[in-house]
Amino acid sequence: MALTVSNNKMNMFLNVALVLCLFLIISSVESRKLISGGNGKPECDSVYGIKPTNQCTGIMQAFGLSADEFFAINPNLNCNAIFVGQWICISGSA
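Parameters at a glance
Residues numbered from 1 in each chain as written. Predicted model: local features only at pLDDT ≥ 70, side-chain atom pairs only at ≥ 80, totals over all residues. Heavy atoms only, no water. Helix = DSSP H or I, 4+ residues; strand = E, 2+ residues; numbered from the N terminus. Buried < 20%, exposed > 50% of the residue type's maximum accessible area, 1.4 Å probe, protein only. Contact = heavy atoms within 4.5 Å. Areas by Shrake-Rupley, 256 points an atom, 1.4 Å probe, with all protein chains shown as cover. Polar contact = N/O pair within 3.5 Å; in protein donor to acceptor, adjacent residues only side chain to side chain. Phe/Tyr/Trp six-rings, centres within 6.5 Å; stacked < 30°, edge-to-face > 60°. Core = buried A, V, L, I, M, F, W, Y, C linked by side-chain atoms within 4.5 Å. pLDDT = per-residue confidence, 0-100. Disulfide = S-S within 2.5 Å.

Q: Please explain the overall build of the protein chain as it appears in this structure.
A: A tally of regular secondary structure across the protein chain gives three helices and two strands. Each helix (α) and strand (β) of the protein chain, taken in turn from the N terminus, gives the series α-β-α-α-β. When the 94 residues of the protein chain are sorted by exposure, 16% land in the buried category. Within the protein chain, contacts between residues separated by at least 24 positions form 59% of all contacts whose residues are at least 6 apart in sequence. For the protein chain, the exposed surface amounts to about 7400 Å²; the carbon and sulfur share of it is 62%.

The structure is reproduced here in structure tokens:
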């Protein structure tokens, strides 16, 4: 009987510890989302279609964007491989 009570207390302790660990993990993940501003993905407000003579530097100058701003809102853009008709973001937030 004493062994059963002891096992029940140990199981209860382990269950409480598990719930607390899960709570801490979820809380830390949620706080990272709040700190980084949500999902961490850039949001685009306006786009521009690439024309035959466009290059990234010219687009940055035309729309008054620094290189940091431009690449923050276009994180996967490869300026060496842009093509006519490609849509890029010219205003937004990252």
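Q: Can you walk me through the side chain of Asn74 in this structure?
A: Within the fold, Asn74 resides in the loop between helix H3 (67-73) and strand E2 (87-93). Looking at Asn74, the relative accessible area reads 8%, which means it is buried. A distance of 3.0 Å separates a polar side-chain atom of Asn74 from the backbone oxygen of Phe70. Ignoring anything within four residues of it in the chain, the contact list for Asn74 reads Ile88 and Cys89.

Q: Looking at this structure, how should I read the packing of aromatic side chains?
A: The way to describe two aromatic rings as a pair is by their centre distance and the angle between their planes. Here the structure, examined in full by the defined rule, presents two aromatic pairs. Ring centres 5.2 Å apart and planes at 80° place the aromatic pair Phe70 and Phe71 in the edge-to-face group. Looking at Phe70, the relative accessible area reads 0%, which means it is buried.

Q: Would you mind showing me how to read the nonpolar core here?
A: Generally speaking, soluble globular proteins have nonpolar side chains that are buried together. Membership of the largest hydrophobic core is limited to 12 residues, which are Tyr48, Ile50, Cys56, Ile59, Met60, Leu65, Phe70, Ile73, Leu77, Ile88, Cys89 and Ile90. Among the elements of the structure, helix H2 (56-62), H3 and E2 are those that each provide at least two residues to this core. Leu77 has contacts with Cys56, Phe70, Phe71, Ile82, Gln86 and Ile88, leaving out every residue within four places of it along the chain.

Q: Would you mind going over the confidence of the model for the protein chain with me for this structure?
A: Where the model shows low pLDDT, its predicted coordinates should not be examined in detail. Here the protein chain averages 81 in pLDDT, and 72% of its residues register 70 or above. Across the protein chain, the element-wise mean pLDDT spans from 66 in helix H1 (residues 2-35) up to 95 in H2.

Q: How should I be thinking about the state of the cysteines in this particular structure?
A: Think of a disulfide as a covalent bridge from one cysteine sulfur atom to another cysteine sulfur atom. Throughout the structure, instances matching the rule amount to two disulfides. Across the disulfide, Cys44 is cross-linked to Cys89 (sulfur-sulfur distance 2.2 Å). Disulfide Cys44 to Cys89: torsion about the S-S bond roughly 115°, handedness right-handed. Placement of Cys44 in strand E1 (residues 43-49) and of Cys89 in strand E2 is noted, with a sequence separation of 45 residues between them. Linked covalently through their sulfurs, Cys56 and Cys79 form a disulfide whose S-S length is 2.0 Å. Residues Cys56 and Cys79 are joined through a disulfide that is left-handed, its torsion about the S-S bond being -100°. Residue Cys56 is located in helix H2, and its partner Cys79 is located in the loop between H3 and E2; the two are separated by 23 residues in the primary sequence.

Q: Is there a simple way to think about the side chain of Gln86 in this case?
A: Note on placement: Gln86 falls in the loop between H3 and E2. When residues no more than four places from it in sequence are discounted, the contact partners of Gln86 are Tyr48, Gly49, Ile50, Leu77 and Ala81.

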